Amino acid sequence: MQLKHIKLRRLCFAIILGSAIFLTTGCDNDNDNEPDNEQELITTVKLTFTPTAGIPITATAKDLDGDGGNAPTIQPVNLKANTDYTLAIEFSNESKSPAENITEEVKTESDEHLVCLVTTGASLPVPTIQDKDGNNQNLGLTSTFKTGVAGAGTLKVTLKHMPNKTGATPCSTGETDVEQTFNVTIAN
Amino acid sequence: MRNRIFYLFLISCLPFVLAAQNCAWSISGTVLDADTGEPMAFANIQIKETNAGAIADANGRYEIANLCEGTYTLVCTRVGCNHEEHLIQLKSNVITDFKLQPEENTLEKVTITAAAVKPQSTQATETISGPELASTQGLNLGESLKRLPGVTILSTGATIAKPMIQGLHSNRILILNNGVRQEGQQWGSEHAPEIDPFIADKVSVIKGASSVRYGADAIGGVILVEPRALPTLKGMGGEVNLVGFTNGRTGVASGLLQGNMGGKLPLAGRIQGTLKKGGNLQTPDYFLNNTGVEEYDFSWAVGLKKERFSTELFYSRFETKLGIYRGSHIGNTTDLLNAIERERPSEDGVFSYEIGRPQQRISHELFKFSSAIETGDIGKLSLQLTRQFNHRREYDAHRAYNELPNQITQPSIEFEITTHTADLTWEHKPIQNLRGDIGISFLQQVNTTDRGALIPNYKNYNGSAFWIERWKKLESPLELEAGVRYDYRQLEVGRQGQDTINQDFNFSNVSGTVGAIYRFPKLVNLRFNVGTAWRAPHVSELYSDGVHHGSATYEKGDANLQPERALNTSLTAELDNKKNFDANLTLYYNVINNYIFLNPQATPQLTIRGAFPSFYYQQANARLMGLDWSANYKIVPNFTLESRISLLRGWNRTIEDDLVLMPSDRFQTGLKFNFNQEEKSPFIRLTMTNMLEQTRVPANTDYAAPPAAYTLFDLEAGATFYFHKQPFEVGLAVFNLLDEQYREYLNRFRYYADELGRNVSLRLKVPFGVK
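Residues numbered from 1 in each chain as written. Chains lettered and ligands numbered in written order. Predicted model: local features only at pLDDT ≥ 70, side-chain atom pairs only at ≥ 80, totals over all residues. Heavy atoms only, no water.

A. Spotlight on the overall build of chain A. Per the secondary structure count, chain A includes 2 helices and 11 strands. The contacts in chain A between residues at least 6 apart in sequence include a share of 65% that link residues at least 24 apart. If you sum the accessible surface of chain A, you get close to 9400 Å²; carbon and sulfur atoms cover 54% of it. (Helix = DSSP H or I, 4+ residues; strand = E, 2+ residues; numbered from the N terminus. Contact = heavy atoms within 4.5 Å. Areas by Shrake-Rupley, 256 points an atom, 1.4 Å probe, with all protein chains shown as cover.)

B. Quick look at the environment of Val 203 of chain B. All names here are of chain B. Examined against the element boundaries, Val 203 turns out to sit in strand β14 (residues 202-207). Separated by 37 residues in the primary sequence, Val 203 and Gln 166 have C-alpha atoms spaced 17 Å apart. Contacts of Val 203, omitting those with residues within four sequence positions, involve Glu 126, Thr 127, Ile 128, Leu 133, Leu 145, Ile 223, Leu 224 and Val 225.

C. Region of the structure containing helix α5 (residues 333-342) of chain B. Taken together, the buried positions of α5 of chain B are Thr 333, Asp 335, Leu 336, Asn 338 and Ala 339 of chain B. Where α5 of chain B is buried, its residues touch β10 (151-161) and β11 (175-187) of chain A together with β34 (610-612) of chain B. The N-cap of α5 of chain B, judged by a side-chain oxygen 3.1 Å from the amide nitrogen of Thr 334 of chain B a few residues on, is Asn 332 of chain B. Of the residues trailing α5 of chain B, Glu 343 of chain B is marked for its positive phi of about 60 degrees. (Buried < 20%, exposed > 50% of the residue type's maximum accessible area, 1.4 Å probe, protein only. Polar contact = N/O pair within 3.5 Å; in protein donor to acceptor, adjacent residues only side chain to side chain.)

D. Representation of the confidence of the model for chain B. All names here are of chain B. In the predicted model, chain B carries a mean pLDDT of 87, and 92% of its residues have values of at least 70. Between residues 1-23, whose pLDDT stays under 50, and residues either more than four places distant or in other chains, the model counts 62 contacts. Across the whole predicted complex the pTM is 0.82, and at the interface the ipTM reaches 0.78. (pLDDT = per-residue confidence, 0-100.)

E. Quick peek at the packing of aromatic side chains. Residues and elements named next belong to chain B. Evaluation of the coordinates by the stated rule reveals 20 aromatic pairs over all chains. Pairing Phe 639 with Phe 673 gives two aromatic rings, centres 5.0 Å apart and planes at 50 degrees, and the pair type is tilted. You can see Phe 639 sitting in strand β36 (residues 639-652) and its partner Phe 673 sitting in strand β38 (residues 666-674), a full 34 residues away along the chain. Phe 639 gets classed as partly exposed once you look at its relative accessible area, which sits at 32%. (Phe/Tyr/Trp six-rings, centres within 6.5 Å; stacked < 30°, edge-to-face > 60°.)

F. Looking closely at the sheet that holds strand β9 (residues 125-129) of chain B. Residues and elements named next belong to chain B. Ordered in space as β9-β14-β15-β12-β13, the 5 strands form an open sheet in which the pairing is mixed. The open sheet terminates on both sides in strands that have one partner only, identified here as β9 and β13 (180-181). With 5 bridges connecting them, β9 and β14 associate as antiparallel partners. Bridge pairing in β14 links Thr 125 to Ile 206. (Pairing = 2+ DSSP bridges.)

G. Local environment of the state of the cysteines. Residues and elements named next belong to chain A. As enumerated under the stated definition, the model contains 1 disulfide over all chains in all. Residue pairing for Cys 116: its cysteine sulfur links by disulfide to Cys 171, the two sulfurs lying 2.0 Å apart. Residues Cys 116 and Cys 171 are joined through a disulfide that is left-handed, its torsion about the S-S bond being -95 degrees. Of the two residues, Cys 116 sits in strand β7 (residues 113-120) while Cys 171 sits in the loop between β10 and β11, which places them 55 residues apart along the sequence. (Disulfide = S-S within 2.5 Å.)

H. Highlighting the pairing of strand β2 (residues 44-47) of chain B. Residues and elements named next belong to chain B. Only one face of β2 is buried, namely the one carrying Ile 45 and Ile 47, since none of Asn 44 and Gln 46 on the opposite face is buried. With 3 bridges joining them, β2 and strand β3 (residues 53-55) adopt antiparallel strand pairing. Across the sheet, residue Asn 44 finds its bridge partner in β3, namely Ile 55. Pairing of β2 with strand β5 (residues 70-77) involves 4 bridges; the strand directions are antiparallel. Each bridged residue has a counterpart across the sheet, and for Asn 44 the counterpart in β5 is Thr 77.

I. Fine view of the sheet that holds β3 of chain B. Residues and elements named next belong to chain B. The 4 strands are arranged β3-β2-β5-β6 in an open sheet whose pairing can be described as antiparallel. The open sheet is flanked by β3 and β6 (84-90), the only strands paired with a single partner. Averaged over all pairs of adjacent strands, the angle between their axes in this sheet comes to 20 degrees, without regard to strand direction. (Axes fitted to C-alpha atoms, helices over the stretch in contact; angles between N-to-C directions.)

J. Structural view of the domain arrangement of chain B. As far as domains go, chain B holds domain 1 (2-105) and domain 2 (146-229 + 244-259 + 270-769). One C-alpha centre belongs to domain 1 of chain B, the other to domain 2 of chain B; they are set 33 Å apart. (Domains from an automatic or database assignment.)

K. Structural view of unusual backbone geometry. A cis amide bond, omega -5 degrees, links Arg 357 of chain B with the succeeding residue Pro 358 of chain B. Position of Pro 358 of chain B among the secondary structure elements: in the loop between α5 and β21 (359-374). The backbone phi angle of Met 162 of chain A is positive, close to 55 degrees, even though this residue is not glycine. Relative to the helices and strands, Met 162 of chain A resides in the loop between β10 and β11. Backbone geometry at Asn 700 of chain B places phi at a positive 55 degrees, although glycine is not the residue there. In this structure, Asn 700 of chain B sits in the loop between β39 (683-691) and β40 (710-723).

Following this line, the structure appears as structure tokens:
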């Protein structure tokens, strides 16, 4: 009996040691030292204002060097007074070559995105969003508005990811992927 | 799968085992025949100082219980044998074995072997072990230490907690896991220590600058995570721990099996593992989405201990996957301000075990070889060689647009850091009343950033030498210590993303320490220490350049930063009337020159996502001073009143302003009821924690004012039950008993959500063994 116990104990010990060493082997250590830098996802916001008649007007906000370094350069927008405009918004990543079109991605995942538009200035009304997502909620890549008399104002464009679109204030929910404010001049 | 195999082995070995559990405040062990290793019956064990004693039983086992904290000389004698003395510094339960030599073999020499007792620190030290440590089981390392005076946690949501010692954390404290400096990505405030607390038999916190003994970075202090020693007795034993928490419906299982083969080759071994799984956590009013955690830990050790020689191999592996509260993910400052304004998250959350993005996956491996030889003539030589590998992957919720489908599972940030160390220490033979250690150590480290250009690749080489001497005369009330250390560090910074930096840095430093312990007869001990410590700037402080998502700030490093140097003075008074009152008061004054901090800039950083407040890493002279207090008073034999207080003031002396992220003042009051006078008595304890509001914060550097003061109640109960002589230790705890809704200043997610609501935990510990 005593001997049997000792043997069992030795056997158990060997099993433990064996399994310990077995379990210790290797950590998958992939040493590819090429850092993959998905740093800036969106570098450029492009606004296209198309009047009912005449030449479309474009303005961009660009931050090609990412978060640090230089601040984004934002072009001013010059619109005509008392004119109906259709506003189309595009997003792209121009740090890559060729540039990536991110507008398509926003459209594909339209349920998860919302473009919020906020204006200041008496002659710049808030644009009315024309396009809808898969759930028939606002998307915001296309909108319309009519300018007032000559004056100045600003237009803030915000791209929201995962907002609560059915809530009372969808634009204060979700996380911001883009937020740029354009200076707008309205002339006769 | 691997863990399942391990548990299978645990269960398969269950029937062979035996109970050998010890509670705190007692000294126990076994008397062995030094020649055969067999137990020796009926030896006499006596404490010189108090004359208390015990006689070993037929199996050589003895126990002296009901002992107070202090230093004792234990003498073991037996007719026909030599005698042996052990110097024991009792702060918790101590197990010490004696090896007696039958007289016929030792007619010539009568050896008095002093056990390898670590000298008592002259610095303020807190230790948690035995039932106190058991009551924290299932919590992570930071949380299990947060009740100690002077220790707080810096958390990132409910799933990440980092220990903070006297206001300092991350790279300013050192964690020694089984004697090895833990080297991961500890610079990040959301990078929690990669340690399974079940590994520890004892966790000690040394407060204050301790570079001389432990090396660079130990500005705020050191946390020592110490596993139990491998068994020296023939036989097998172990324990099974099961813990469940209602909040997050978290379950933890941990098992340990250890044994010694005995005989001529007394090889000892241990295998240990822990599994943890939890789901979304809950505040009093709502669930926090994506706050689950999974953890798989495993360790083994094999050792051989002879009279003059010991060697040990140790391996541990820590794997975790943890969710980061979904509501904390924001795009820019406007989002953050919206989150603060709405006070309650826009989504209430539901319970789920699923862990989505954002999440962290971390694995940490430690391999250690250590060996020591007692030469007799010159002292003891110890060698330790280690390798650590840390792999951290962070998955951002803010995934890239236009990702290919197969890239969606790729992490946004990935680091790999490999560290090798070598330490050689010579503990010289006592020269009269002087005992000392001389040592050299080397460290080599390679960090690669595989994804995300948060910090650059770097190589780090360290070399250092230290010498510490301690003077202690047996009858003298005074004990003195002094030490000096030289460190050299070479840092080669490679590249960050597409940029090649190619910059080398050399840092060096001389640290020193002097300390004293004075023991007034019976009532009071005084400890005094003046120590220096240093820390070279980390690459994150030298080269950070980007937006920190959790805090919505743009942070920029400075490649010209100089090392931080700290001078810490501490005085501790310990009072114990050995009847019904004991108290411990520590006062400290820590001056840190070139303290690296994030200085807010006047102009915000503009990005395509909007504006972010901008912070630059800069240096200033800082001062941290405070008070740690703990006391226990037995009102009547069964009722103990406990008090713990931590006060701290942090000041930036260069710009004359408060330091950011300092713990607020904390007062804990507990009432403990013991059912009887025995050590393992069942108990119930009610603790009240008052956390004051942090009113000392630098102006205009935060989005929201620090949260209001709060009061929490915790209830704990513990008991040991026996079923056919098999002990079952059971513990029940209710944290946040009143389901208080509150937020804590030192939680970086305080902008987004409340702290956890009520959490009931039940734990069971089953020790087992065979003779």
